[in-house]
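Residues per chain, in single letters:
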Amino acid sequence: MSNAEWAARDLAVLWHPCTQMKDHESLPPIPVRHAAGAWLEDYEGRRYLDAISSWWVNLFGHCHPRIVAAQQRQVGQLDHVLLAGFTHEAAVTLCERLLALTPAGLSRCFFSDNGSSAVEVALKMSFHYWQNVGRPRKRRFMCLENGYHGETLGALAVGGIPLYRETYGPLLQEVIRAPSPDCYARPAGTTWEQHSRTQLRALETLLERHAEETCAVIVEPLVQCAGYMRMYHPIYLELLRAACDRYEVHLIADEIAVGFGRTGTLFACEQAGISPDILCLSKGLTGGTLPLAMTLCREPMYQAFYDDYQELKAFLHSHSYCGNAIACATALAVLDLFEEEPVLERIRHLGSVLEREAAVLAEHPNVAEVRRHGLILAAEMVRDKADREAFPWQERRGLRVHRHALKQGVLLRPLGDVIYFMPPYIVHEDELRLMVQAALQGIEHAVHD
Ligand SMILES: *Cc1c(COP(=O)(O)O)cnc(C)c1O
């Protein structure tokens, strides 16, 4: 079978995620036959460097032998068992090990199977907690402009990206939305730290007014990934933690994208020295191989549900594949890799190499900013560098970069006109160079016509 044959069969039966299917008339889906390390290979032997870790999930490359071996061991032992009334070694061990690694104070793990569900669990848990402790007026959530927490209706409601959210507006609960800490929007002459402090004060004003009716504030620590890789300073999280304590509102940290080393620390919250009331994890949890998600919380949260059955305080939430044994065994293999190899050091090193290489992007007349946290680096492609004027979105310049980079053998998938790199941690330095060159040529190609 050739690429074209697979694409034709695909287009007869599939409906792809986050895609206007009509786009495939000019760029058919690429069938991947095989993947190893940071590389994907199609049916005609063409290779693509996976510069975005297959939507931010892959940490150690594709088909990592240690991960594959752990999965094979588990498949032959126990595939899956319901997690209500039953348990298993992989789930128990995973919870023990994660609680030892995550920020202090978290003491309980709830399983689900994708990031959006982990967020739904967090929202329901927080709301239900306040019900159980006799604060029924607390029923709203505070979230950030430009935030992203997934696509299910609860998670979408606390998201702040109009493109994903607006169509479904009538279906979504009302939320309280605070301005984004996004430092790309800072006034000229201000530092990231100053801007993050200012934006936090705006959120505090809202808390002052709404704390009585607010269950929780939900944020993506340090990087609003789906929101065009916009970044902010850790001081924001530090001050937010203090404000949430002062106003008796939960802090939900959605580390689904930034967790597991992405920003240079195992969890992004560490850079602010804070611990959330609820932590959401998924994506990198299984190294990008199987769906698994977890929602971690503190002991008082858990205790507020712990009572005689007749009190009807139990958290009656479940998913069929909660704590799937193969997925849990996979996550354990991922934790082994973090434990046995100097992964965080490597991430920090690669991050600084990437930044050095990407200096050529910053110099480009159509790039307004290059920014980085850990091993996430993003470049803002604009029409006018001086006043940061964007290209009209209808022109889809970012898509042109994507198409051009594919021809160079690099998978970039810009968010609008923001070109970013988020490679697996096993990427080589010369591969970083290749990514940057593909982006540079792609931008050059995309801005002229
Ligand atoms: C991807 C993502 C989600 C949603 O996870 P899914 O597994 O795609 O449902 C939630 N929050 C953040 C920050 C994400 O990046």
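The structure presented is a predicted model; accordingly, all values stated were derived computationally and were not measured. (Residues numbered from 1 in each chain as written. Predicted model: local features only at pLDDT ≥ 70, side-chain atom pairs only at ≥ 80, totals over all residues. Heavy atoms only, no water.)

1. Brief notes about the environment of Met-435
Step number 1: Residue placement: Met-435 occurs in helix α15 (residues 429-447).
Step number 2: On the accessibility criterion, Met-435 (0% relative accessible area) is buried.
Step number 3: C-alpha of Met-435 to C-alpha of Ala-358: the two residues are 77 residues apart in sequence and 9.3 Å apart in space.
Step number 4: The contact partners of Met-435, leaving out residues within four places of it in the chain, are Leu-49, Ala-51, Leu-354, Val-410, Phe-421 and Pro-423. (Helix = DSSP H or I, 4+ residues; strand = E, 2+ residues; numbered from the N terminus. Buried < 20%, exposed > 50% of the residue type's maximum accessible area, 1.4 Å probe, protein only. Contact = heavy atoms within 4.5 Å.)

2. Some points on the nonpolar core
Step number 1: One finds Leu-94, Leu-203 and Met-229 to be the most contacted residues of the largest nonpolar core, which totals 116 residues.
Step number 2: A per-element tally of this core places helix α11 (residues 325-340) first, with ten residues.
Step number 3: Sequence-distant contacts of Met-229, that is, excluding residues within four places in its chain, are made with Trp-56, Val-223, Gln-224, Arg-371, Ile-376, Ala-378, Leu-415, Tyr-420 and Met-422.
Step number 4: Ranked by size, the runner-up nonpolar core spans 27 residues in total, among them Ala-118, Ala-122, Cys-143 and Val-175. (Core = buried A, V, L, I, M, F, W, Y, C linked by side-chain atoms within 4.5 Å.)

3. Topic: the packing of helix α14 (residues 397-407) against α15
Step number 1: Between α14 and α15, the least distance of the axes is 8 Å, while the angle of their chain directions is 130°. Between α14 and α15, the angle falls in the class oblique. By crossing handedness, the relation of α14 to α15 is classed as right-handed. Facing Arg-397, Arg-400, Val-401, His-404 and Ala-405 of α14, the residues of α15 in contact are Ala-438, Ala-439, Gln-441, Gly-442, Ile-443, His-445, Ala-446 and Val-447.
Step number 2: A breakdown of the residues in the contact of α14 with α15 according to their chemical character gives seven nonpolar, four polar and two charged. (Axes fitted to C-alpha atoms, helices over the stretch in contact; angles between N-to-C directions. Parallel < 35°, antiparallel > 145°, perpendicular 65-115°, else oblique. Left-handed = near helix turned anticlockwise from the far one by under 90°. Nonpolar A, V, L, I, M, F, W, Y, C, P; charged D, E, K, R; others polar.)

4. Side note on the site of the ligand
Step number 1: As a matter of local geometry, the ligand sits amid Trp-56, Asn-114, Gly-115, Ser-116, Tyr-148, His-149, Gly-150, Glu-220, Asp-254, Ile-256, Ala-257 and Lys-283.
Step number 2: Gly-115 places a polar main-chain atom, nitrogen or oxygen, 2.8 Å from an oxygen atom of the ligand.
Step number 3: Between Asp-254 and the ligand, the recorded distance is 2.6 Å, taken from a side-chain N or O atom to a nitrogen atom.
Step number 4: With the chains in place, 83% of the 380 Å² that the ligand exposes on its own is no longer accessible.
Step number 5: Across the shell around the ligand, the residue classes break down as four nonpolar, five polar and three charged. (Near = heavy atom within 4 Å. Polar contact = N/O pair within 3.5 Å; in protein donor to acceptor, adjacent residues only side chain to side chain. Areas by Shrake-Rupley, 256 points an atom, 1.4 Å probe, with all protein chains shown as cover.)

5. A short note on the sheet that holds strand β3 (residues 47-50)
Step number 1: Strand order in the open sheet formed by four strands is β1-β2-β3-β15, with mixed pairing between adjacent strands. Each of the sheet's edge strands pairs with one partner strand only, and the pair in question is β1 (32-36) and β15 (410-411).
Step number 2: Where β3 meets β15, two bridges bridge the pair, whose relative direction is parallel. Counted as the bridge partner of Asp-50 is Leu-411 from β15. (Pairing = 2+ DSSP bridges.)

6. Things to note about the packing of aromatic side chains
Here the distance between the centres and the angle between the planes together describe a pair of aromatic rings.
Step number 1: A full pass over the atoms with the stated rule returns 13 aromatic pairs.
Step number 2: A centroid spacing of 6.4 Å and a plane angle of 45° characterise the contact between Phe-260 and Phe-338, whose relative ring orientation is tilted. Linking Phe-260 in the loop between β10 (250-254) and β11 (278-281) with Phe-338 in helix α11, this pair joins segments that are 78 residues apart in sequence.
Step number 3: When the centroid spacing of 5.7 Å and the interplanar angle of 75° are considered together, the rings of Phe-305 and Phe-315 count as edge-to-face. Of this pair, Phe-305 sits in the loop between α10 (299-303) and α11 while Phe-315 sits in the loop between α10 and α11, placing them ten residues apart in sequence.
Step number 4: Among the aromatic residues, ring-to-ring pairing joins Phe-60, Phe-260, Phe-267, Phe-338 and Tyr-425 into one connected group. (Phe/Tyr/Trp six-rings, centres within 6.5 Å; stacked < 30°, edge-to-face > 60°.)

7. Points about the domain arrangement of the chain
Step number 1: Partitioning the chain into structural domains gives domain 1 (31-63 + 342-448) and domain 2 (68-340).
Step number 2: Taking the mean C-alpha position of each, domain 1 and domain 2 sit 27 Å from one another.
Step number 3: Between domain 1 and domain 2, the residue contacts involve 33 residues of the former and 30 residues of the latter.
Step number 4: Taking both sides of the interface into account, the surface hidden between domain 1 and domain 2 amounts to around 2,700 Å²; carbon and sulfur atoms contribute 64%.
Step number 5: Of all residues in domain 1, Trp-56, Arg-371 and His-373 bury the most surface against domain 2, accounting for 24% of the area lost on that side.
Step number 6: Linking domain 1 with domain 2 are two salt bridges.
Step number 7: Its salt-bridge partner being Arg-186, residue Glu-369 comes within 3.3 Å of it at the nearest N-O pair.
Step number 8: The tally of links between domain 1 and domain 2 comes to 15 residue pairs in polar contact (both at pLDDT 80 or more).
Step number 9: Of all elements in the fold, only α2 (53-56), α12 (343-357), β13 (367-373), β14 (376-381) and β16 (418-421) reach the threshold of two or more residues within the side of domain 1 that touches domain 2.
Step number 10: Counting residues per element, the side of domain 1 that touches domain 2 draws most heavily on β13, at five residues. (Domains from an automatic or database assignment. Buried area = accessible area lost by both parts, 1.4 Å probe. Salt bridge = Lys/Arg side-chain N within 4 Å of Asp/Glu carboxyl O.)

8. Remarks on the pairing of β14
Step number 1: Within β14, six of the six residues are buried, which leaves it mostly tucked inside the rest of the structure.
Step number 2: The alternating pattern of β14 places Ile-376, Ala-378 and Glu-380 and Leu-377, Ala-379 and Met-381 on opposite faces, both of which are buried.
Step number 3: Two strands pair when backbone bridges link them, and β13 and β14 are joined in this way by six bridges, in the antiparallel orientation. Bridge pairing in β14 links Val-370 to Ala-379.
Step number 4: Counting the residues between successive antiparallel strands, the hairpin from β13 to β14 contains two residues, one of them, Gly-374, with a positive phi of roughly 55°.
Step number 5: Alignment of β14 against β16, held across four bridges, turns out to be antiparallel.

9. Structural notes on the layout of surface pockets
Here the idea is plain: a probe the size of a water molecule rolls over the atoms and shows the empty space left.
Step number 1: Of the volumes computed, that of the second largest pocket is approximately 850 Å³.
Step number 2: As for the second largest pocket, its lining consists of 29 residues, of which Cys-109, Phe-110, Tyr-302, Phe-315 and His-317 are closest to the centre.
Step number 3: Counting residues per element, the ones that place at least two in the lining of the second largest pocket are β4 (106-112), β12 (293-298) and α10.
Step number 4: With five residues, the single largest contributor to the lining of the second largest pocket is β4.
Step number 5: Its residues placed into classes, the lining of the second largest pocket shows 19 nonpolar, six polar and four charged. (1 Å grid on protein atoms, 1.4 Å probe; cavity = no way out; pocket = protein on both sides within 12 Å on 5 of 7 lines; lining within 4 Å. Points joined across faces, edges and corners; volume = space filled by probe spheres on them.)

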